[in-house]
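Residue strings, one per chain:
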Amino acid sequence: MQNEAGENVDLYVPRKCSWTNRLVVAKDHASVQINVANVDPVTGVYTGEYTPFCLNGYIRNKSEGDMALTDLVKKMDYKVIMSTTTTGAPSLAADVGM
């Protein structure tokens, strides 16, 4: 809920799993949030920013957390590479395994 000034006044804002879009409830003690560093696609140097990914306990319990995180990062890399190219050449997309 927001007040008249547009500030968030909720006491608890639940997170959503990045892979399944399920809500991560407060009692889900198996859930994790992993921050993946953003890297400059040209130089390969850390830019000081990161992208958070949240995985709920359901995914980790089914032993799919590694696969989910790998796929999320590949999709993020694909979007970065395609946004930095001017021609949108498909050969660059093949380099990241998509």
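Bear in mind that the values here come from a model prediction, so they are computed numbers and not experimental data.

1. Some details on the overall build of the protein
Then, in step 1: In terms of helices and strands, the protein carries three helices and four strands.
Then, in step 2: Scanning the protein from its N terminus toward the C terminus, one meets helices and strands in the order β-β-β-β-α-α-α.
Then, in step 3: By residue count, 20% of the 98 residues in the protein fall in the buried class.
Then, in step 4: Restricting the contact set of the protein to residue pairs at least 6 apart, pairs at least 24 apart contribute 36%.
Then, in step 5: When the accessible surface of the protein is summed, it comes to about 7200 Å², and 54% of that surface belongs to carbon and sulfur atoms.

2. Quick notes on the nonpolar core
Then, in step 1: Counting ten residues, the largest nonpolar core is built from Cys17, Val36, Phe53, Leu55, Ile59, Ala68, Leu69, Leu72, Val73 and Met76.
Then, in step 2: Sort the elements by how many residues they give to this core and helix H2 (residues 65-84) lands first, with five residues.
Then, in step 3: Apart from the residues lying within four places of it in its own chain, the contact partners of Val73 are Val36 and Phe53.

3. Observations concerning the side chain of Asn38
Then, in step 1: Position of Asn38 relative to the elements: it lies in strand E3 (residues 32-39).
Then, in step 2: A polar contact is formed between the side chain of Asn38 and the side chain of Thr51, at a distance of 2.9 Å.
Then, in step 3: For Asn38, the residues in contact, after removing those within four places along its chain, are Val45, Tyr46, Thr47, Glu49, Tyr50, Thr51 and Met76.

4. Some words on the layout of surface pockets
Then, in step 1: Here the largest pocket defines a volume of roughly 220 Å³.
Then, in step 2: Taken together, the elements giving at least two residues each to the lining of the largest pocket come down to E3 and H2.
Then, in step 3: For the lining of the largest pocket, the leading source of residues is H2, giving five residues.
Then, in step 4: Along the lines of polarity and charge, the residues of the lining of the largest pocket split into six nonpolar, two polar and two charged.

5. Some words on the environment of Val73
Then, in step 1: Tracing the backbone shows Val73 in helix H2.
Then, in step 2: Classification of Val73 by relative accessible area gives buried; the value is 19%.

6. Here we look at the packing of aromatic side chains
Then, in step 1: With the rule as written, the count across this model stands at zero aromatic pairs.
Then, in step 2: When the ring centre of Tyr58 is taken as origin, the NZ or CZ atom of Arg22, which lies over that ring, is 4.0 Å away.

7. Digging into the state of the cysteines
Here a disulfide denotes a covalent bond joining the sulfur atom of one cysteine to the sulfur atom of another.
Then, in step 1: Evaluated as defined, the whole model comprises zero disulfides.
Then, in step 2: Cys54 takes part in no disulfide bond, and the closest cysteine sulfur, belonging to Cys17, lies 6.2 Å away.
Then, in step 3: In this structure Cys54 comes out as buried when scored by relative accessible area, which is 5%.

Thresholds, definitions, all that
- Residues numbered from 1 in each chain as written.
- Predicted model: local features only at pLDDT ≥ 70, side-chain atom pairs only at ≥ 80, totals over all residues.
- Heavy atoms only, no water.
- Helix = DSSP H or I, 4+ residues; strand = E, 2+ residues; numbered from the N terminus.
- Buried < 20%, exposed > 50% of the residue type's maximum accessible area, 1.4 Å probe, protein only.
- Contact = heavy atoms within 4.5 Å.
- Areas by Shrake-Rupley, 256 points an atom, 1.4 Å probe, with all protein chains shown as cover.
- Core = buried A, V, L, I, M, F, W, Y, C linked by side-chain atoms within 4.5 Å.
- Polar contact = N/O pair within 3.5 Å; in protein donor to acceptor, adjacent residues only side chain to side chain.
- 1 Å grid on protein atoms, 1.4 Å probe; cavity = no way out; pocket = protein on both sides within 12 Å on 5 of 7 lines; lining within 4 Å.
- Points joined across faces, edges and corners; volume = space filled by probe spheres on them.
- Nonpolar A, V, L, I, M, F, W, Y, C, P; charged D, E, K, R; others polar.
- Phe/Tyr/Trp six-rings, centres within 6.5 Å; stacked < 30°, edge-to-face > 60°.
- Lys NZ or Arg CZ within 6 Å of the ring centre and 35° of its normal.
- Disulfide = S-S within 2.5 Å.

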